[in-house]
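A look at the structure
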Amino acid sequence: MDTGYTVEQLRAAASDAVRAPSLHNTQPWRFRLRDGGIELLVDSRRRLPATDPSGWGARISCGAALFNLRLSLAVAGTPATVRLRPYPTEPDVMARLVPDVPRRPTLTEQNLYGAISRRFSNRAPFWPDPVPADARWRLGEAARAEECWLELVIGTSAVNALAEIARSANRVLEREPAYRAERDAWIRSEPSPDGVPSAAGGPQSEPQDLLPQRGFGGRNRAPGRDFEPEPLVAVLGSAGNTATDQVIAGQALQRVLLTATDAGLSVSMISQPIEVPGAREALRLSLGRFGTPQMVMRIGYGQPGTATPRRAVEDVLDLPVVPA
Ligand SMILES: Cc1cc2nc3c(=O)[nH]c(=O)nc-3n(C[C@H](O)[C@H](O)[C@H](O)COP(=O)(O)O)c2cc1C
């Protein structure tokens, strides 16, 4: 075991961490080195007050970045021991990572790491090909490996019930001018280091759509380019719903997303039914599961997506100022 991580290791791991997904691509994270440990902080200035008043989305996003951070360090041969939310007096510190015994990365770690740069949200209609049983099983295992569960919603009536909850949550949100203004402020028609490029925003919604789109101002759909009629919909959930549980769920989310990417699958996230408390409770009851739903996903085979921008790693590091 060595004495601590270096700035170079922090920089390398953080540049992988920032590829994580985040609500509206806000990238609400910062990274620093303290006493040889790498620390991940939520950047509260990048929280979305209207969409995410509790900070749930920022913590899920940080958990996803933390999973990349762990993978990056493990693949470099310097795996970490992680403490979540280590300081009661510093609630913005989401995790502290200190070096564990050096070892070779496992094959799973290498495969998931390789998927980091190939994972993108894909909001377009997927092809009708079903997701095979072994891939479904791997997705569930990915959630379980991070202390969460993944419920695959099977059967037309169960999918319809979930879709109804999601559409009604979307209607509740869309009635809120502050929510709409916030979303629109994060749509980018010009190159920008954050926010959702309108080209990545997915097609415009149409009345026949089963699941709601976020309304990122995407293109009109070509005639007949409908969403797949029987989507594979999955709900990720955690045992509890404390701030720490949400960081755990973020790690599980990223592990599921990278596992999907590694299996050649595309995913789009649908979090409106998580953001509206009544909808989240209805979703929990409809699944009949203990714990708390943390994300809804549509999973399938599609055209490969494209990367969305990220801020430069130097902009998310808190490094001590070296005197000139
Ligand atoms: C907590 C959370 C909630 C999200 N909710 C949605 C959503 O409801 N609809 C959607 O299209 N994308 C959603 N996303 C995806 C983000 O918009 C996406 O990760 C971000 O724009 C970066 O793009 P990328 O995933 O392609 O890297 C969500 C992501 C996170 C982490």
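Basis of the calculations
- Residues numbered from 1 in each chain as written.
- Predicted model: local features only at pLDDT ≥ 70, side-chain atom pairs only at ≥ 80, totals over all residues.
- Helix = DSSP H or I, 4+ residues; strand = E, 2+ residues; numbered from the N terminus.
- Rg over C-alpha atoms; globule rule 2.2 N^0.38 Å.
- Buried ≥ 20, exposed ≤ 12 C-beta atoms within 10 Å, placed from the backbone.
- Contact = placed C-beta atoms within 7 Å.
- Pairing = 2+ DSSP bridges.
- Axes fitted to C-alpha atoms, helices over the stretch in contact; angles between N-to-C directions.
- Near = placed C-beta within 6 Å.
- Nonpolar A, V, L, I, M, F, W, Y, C, P; charged D, E, K, R; others polar.
- Domains from an automatic or database assignment.
- Core = buried A, V, L, I, M, F, W, Y, C linked by C-beta atoms within 7 Å.
- Parallel < 35°, antiparallel > 145°, perpendicular 65-115°, else oblique.
- Left-handed = near helix turned anticlockwise from the far one by under 90°.

Along the protein chain, the regular secondary structure elements total 9 helices and 11 strands. Its C-alpha radius of gyration of 19 Å places the protein chain within 12% of the 20 Å reference for a compact globule of 324 residues. Reported as C-alpha extents along the three principal axes, the dimensions of the protein chain are approximately 60 × 40 × 35 Å. Among the 324 residues that make up the protein chain, the fraction classed as buried is 44%. By sequence separation, contacts in the protein chain at least 24 residues apart represent 75% of the contacts at least 6 residues apart.

The strand order across the open sheet built from 4 strands is S5-S8-S10-S9, with neighbouring strands paired in antiparallel fashion. One side of each edge strand has no neighbouring strand; the edge strands of this open sheet are strand S5 (148–153) and strand S9 (266–270). When the angles between neighbouring strand axes are averaged without regard to direction, this sheet yields 30°. Examined bridge by bridge, S5 and strand S8 (residues 232–238) share 6 bridges and lie antiparallel to one another. Counterpart to Val 153 in the pairing with S8 is Val 233.

Attention shifts here to the site of the ligand. Among the 20 residues in the neighbourhood of the ligand, the closest are listed as Pro 21, Asn 25, Ser 121, Arg 214 and Ser 271. For the shell around the ligand, the elements supplying multiple residues, two or more each, are helix H2 (56–75) and S9. For the shell around the ligand, the element with the highest residue contribution is H2, accounting for 4 residues. Grouping the constituent residues of the shell around the ligand by class yields 8 nonpolar, 10 polar and 2 charged. There are two domains that each give the shell around the ligand at least three residues, and those are domain 1 (7–118) and domain 2 (133–300).

Entries for the protein chain in the domain assignment read domain 1 (7–118) and domain 2 (133–300). With centres defined by C-alpha atoms, the gap from domain 1 to domain 2 works out at 21 Å. Each partner contributes residues to the interface: domain 1 has 28 residues there, and domain 2 has 28 residues. Elements represented by at least two residues in the side of domain 1 that touches domain 2 include exactly H2, strand S4 (93–99) and helix H3 (107–115). Among the residues forming the side of domain 1 that touches domain 2, the class breakdown is 16 nonpolar, 9 polar and 3 charged.

Sheets are built from strands paired through backbone hydrogen bonds, the pairs being either parallel or antiparallel. Read from one edge of the open sheet, 5 strands run S3-S4-S2-S1-S11, paired in mixed fashion. Of all the strands in the sheet, just strand S3 (80–84) and strand S11 (317–318) have a single pairing partner and so form its edges. One ladder, built from 5 bridges, connects S3 with S4; its direction is antiparallel. Note that in S4 the partner of Leu 84 across the bridge is Ala 95.

What follows covers the environment of Ala 142. Along the chain, Ala 142 turns up in helix H4 (residues 133–145). Overall, Ala 142 belongs to the buried group, with 25 C-beta atoms counted inside 10 Å.

What follows is about the environment of Ala 279. Considering the arrangement of structural elements, one finds Ala 279 in helix H9 (residues 277–287). The spatial distance from the C-alpha of Ala 279 to the C-alpha of Gly 305 is 29 Å, given a sequence separation of 26 residues. Those residues in contact with Ala 279 that lie beyond four places of it in its chain are Ile 165, Ser 168, Ala 169 and Pro 273.

This part covers the pairing of S8. For S8, the tally of buried residues reaches 7 of 7 residues, placing the bulk of the element in the interior. The side-chain alternation of S8 yields two buried faces, one formed by Leu 232, Ala 234, Leu 236 and Ser 238 and the other by Val 233, Val 235 and Gly 237. Pairing geometry for S8 and strand S10 (residues 292–300), over 7 bridges, is antiparallel. Note that in S10 the partner of Ser 238 across the bridge is Thr 292.

The phi dihedral of Asp 35 falls on the positive side, at around 45°, and the residue is not glycine. If you trace the backbone, Asp 35 turns up in the loop between strand S1 (29–34) and strand S2 (37–42). Residue Asp 35 is classed as exposed on the basis of its 9 C-beta neighbours within 10 Å. The phi dihedral of Arg 85 is positive, around 40°, even though this residue is not glycine.

With that out of the way, let us pick up the nonpolar core. By size, the foremost hydrophobic cluster in this structure holds 73 residues, and its most contacted members are Leu 236 and Val 256. Looking at which domains feed residues into this core, each of domain 1 (7–118) and domain 2 (133–300) supplies at least three. When near neighbours in sequence (up to four residues on either side) are disregarded, Leu 236 contacts Ala 143, Cys 148, Leu 150, Ala 249, Ala 252, Leu 253, Val 256, Gln 294, Met 295 and Met 297.

Geometrically, a packed helix pair is captured by the angle between its two axes and the distance between the axes. Closest axis-to-axis distance for the H2/H3 pair is 9 Å, and the angle between their directions is 125°. Classified by the angle between their axes, H2 and H3 sit oblique to one another. Crossing geometry of H2 relative to H3 is assigned as left-handed. Side by side, H2 and H3 meet where Leu 71, Ser 72, Ala 74 and Val 75 of the first sit next to Glu 109, Gln 110, Leu 112 and Tyr 113 of the second. Here the residues of the contact of H2 with H3 sort into 5 nonpolar, 2 polar and 1 charged.

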